[in-house]
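# Notes for the structure review
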Amino acid sequence: MRNFTLFPILLLFIQPIFMASNLIVARGGVEYVPPISLAFWRWAVVFLILLPFTFLPLKKNFKIIKNEYKKLFFLGAMGCGVCGVFPFLAGETTTVANMGIIYTSSPIFIILISGIFFSEKINLMRIIGLISCLVGVFTIIIKGDISLLINLNFTIGDLWMLAAAIGWALYSIYLFYWKTNLPIFQRFTLIAFFGVVSLFPFYITEELIFQRTSFNSDFFLWVIFAAISPGIIAFILYTHAQQTLGASLTGFTLYIFTIYAAIYGLIFFDEKLEPYHFTGTLLVFLGVYLAKKNYETKT
């Protein structure tokens, strides 16, 4: 029986505080830094920050790294490459509402892929929790007006977000199921490194063909913020929660992520909280509770 403690459950609500700050970067940072450049330098800074603390242990674990480098590259390409760049690209051509709806489809992919390839059970209680979360998220995004959902138009940015949602699902699933002998910080350092490696050719292409990076104060501000808040803090907390709760349940952080996004809109963009925000919040938290209760019953 798995030791199910309170702290991992609290992480479902704490981690999205930092994860949702990525929306601040997506909405503000891409005005000053090209999207691929922002993602590339963000993860380069993450790697450089973590390396002094992990270099000696990583050196001792070279044989382990040699055996796991292919898996680490895949995790880096998904978690830092696909999920690092695609939301920034999406923000250039689609709306925040569309981005929110599509990205919250990631737990659906997590549950489906886990069920198909890893025999993780999908029963009625988990489905009810998932539906409750979806209804809560949609309530917030469409402002309680169903006509806004019906009239959504999809663009190339929507396809970028769909790819990001699938990439996050793959990252989440394999981060959990691929067991490792490396501690969290060492593994995350290498994931960041391989994320930078996977982004490098695309970064060079962007620099040479599409848009050059201006290395000014705005660049350093956005890159450092992106590296620390939605980067180091969010990814480490997500990894810790997932090791205890599993891929499917930890995926519900994406729904709570939407709640905090509304809060950031209130604080940084002078948006008002309406009744539908509170209704959606209650539905999301109910969904997480049902999924948690179902998980405890199984274990």
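Predicted, not measured: the structure shown is a model, and the values here were computed from it.

Turning our attention to the overall build of the protein chain. Across its full length, the protein chain holds 14 helices and zero strands. Moving toward the C terminus, one meets the helices and strands of the protein chain in the order α-α-α-α-α-α-α-α-α-α-α-α-α-α. Per-residue burial for the protein chain yields a buried fraction of 55% across its 299 residues. Residue pairs at least 24 apart in sequence account for 90% of intrachain contacts in the protein chain once pairs closer than 6 positions are excluded. Summed over its atoms, the accessible surface of the protein chain is roughly 14,300 Å², and 71% of this surface lies on carbon and sulfur atoms.

Attention now moves to the nonpolar core. If you look at the biggest cluster of nonpolar residues, it comprises 83 residues, and the most contacted ones within it are Trp43, Tyr103 and Trp168. Here this core takes 13 residues from helix α4 (residues 62-90), the largest share from any one element. Not counting residues up to four positions away in its chain, the partners in contact with tryptophan 43 are Gly79, Cys80, Gly84, Phe188, Ala192, Val196, Leu199, Gly231 and Phe235.

Together, Ile49, Phe53, Phe215, Phe220, Ile224, Ile228 and Ile233 make up an exposed nonpolar region whose accessible area comes to about 660 Å². Sorting the residues of the nonpolar patch by element identifies α3 (35-60) and α11 (217-245) as the ones contributing at least two each. With four residues, α11 is the largest single contributor of residues to the nonpolar patch. Tracing the sequence through the fold places isoleucine 228 in helix α11. On the basis of relative accessibility, which here comes to 38%, the residue isoleucine 228 falls in the partly exposed class.

Structurally, tryptophan 222 can be placed in helix α11. For the pair tryptophan 222 and glycine 28, spaced 194 residues apart in the sequence, the C-alpha separation amounts to 8.4 Å. Setting aside anything within four residues of it in sequence, one finds tryptophan 222 in contact with Ile24, Val25, Gly28, Gly29, Tyr32 and Leu38.

It is worth spelling out the packing of α4 against helix α9 (residues 156-177) at this point. It is the contact of α4 with α9, at a shortest axis distance of 8 Å, that shows an interaxial angle of 155 degrees. Considering the angle they form, α4 stands roughly antiparallel to α9. Note on packing geometry: the crossing formed by α4 with α9 is left-handed. Residues Phe74, Leu75, Met78, Gly79, Val82, Cys83, Phe86, Pro87, Leu89 and Ala90 of α4 form the contact with α9, whose participating residues are Gly157, Trp160, Met161, Ala163, Ala164, Gly167, Trp168, Leu170, Tyr171, Tyr174 and Leu175. Looking at the contact of α4 with α9, its residues break down into 18 nonpolar, three polar and no charged.

Moving on to the packing of aromatic side chains. Scanning the entire structure with this criterion turns up 19 aromatic pairs. Aromatic pair tyrosine 32 and tryptophan 222: ring centres 6.5 Å apart, planes at 20 degrees, arrangement stacked. One end of the pair, tyrosine 32, is in the loop between α2 (21-28) and α3; the other, tryptophan 222, is in helix α11, and 190 residues separate them in sequence. Here the aromatic cluster, defined as three or more aromatic residues joined through ring pairs, consists of Phe40, Trp41, Phe200, Tyr203, Phe215, Phe219 and Phe220. A cation sits over an aromatic face here: lysine 179 above phenylalanine 176, 4.6 Å from the ring centre.

The next thing to look at is α2. In terms of burial, α2 is a largely internal element, six of the eight residues being buried. For α2, the full list of buried residues reads Ser21, Asn22, Ile24, Val25, Ala26 and Gly28. Summarising the contacts, the buried residues of α2 are in contact with α1 (6-19), α3, α4, α11 and α13 (253-268).

To continue, consider the packing of helix α10 (residues 184-210) against α11. At a minimum axis distance of 11 Å, the contact between α10 and α11 shows a crossing angle of 125 degrees. By the angle class used here, α10 and α11 are oblique. α10 and α11 meet at a crossing whose hand is right-handed. Seen from α10, the contacting residues are Ile184, Phe185 and Phe188; seen from α11, they are Gly231, Ile232, Phe235, Ile236, Thr239, His240 and Gln243. A class-by-class count of the residues in the contact of α10 with α11 yields six nonpolar, four polar and no charged.

Reading guide: rules and limits
Residues numbered from 1 in each chain as written. Predicted model: local features only at pLDDT ≥ 70, side-chain atom pairs only at ≥ 80, totals over all residues. Heavy atoms only, no water. Helix = DSSP H or I, 4+ residues; strand = E, 2+ residues; numbered from the N terminus. Buried < 20%, exposed > 50% of the residue type's maximum accessible area, 1.4 Å probe, protein only. Contact = heavy atoms within 4.5 Å. Areas by Shrake-Rupley, 256 points an atom, 1.4 Å probe, with all protein chains shown as cover. Core = buried A, V, L, I, M, F, W, Y, C linked by side-chain atoms within 4.5 Å. Patch = residues over 30% accessible without salt bridge, like charges linked within 9 Å, V, L, I, M, F, W, Y side chains within 5 Å. Salt bridge = Lys/Arg side-chain N within 4 Å of Asp/Glu carboxyl O. Axes fitted to C-alpha atoms, helices over the stretch in contact; angles between N-to-C directions. Parallel < 35°, antiparallel > 145°, perpendicular 65-115°, else oblique. Left-handed = near helix turned anticlockwise from the far one by under 90°. Nonpolar A, V, L, I, M, F, W, Y, C, P; charged D, E, K, R; others polar. Phe/Tyr/Trp six-rings, centres within 6.5 Å; stacked < 30°, edge-to-face > 60°. Lys NZ or Arg CZ within 6 Å of the ring centre and 35° of its normal.

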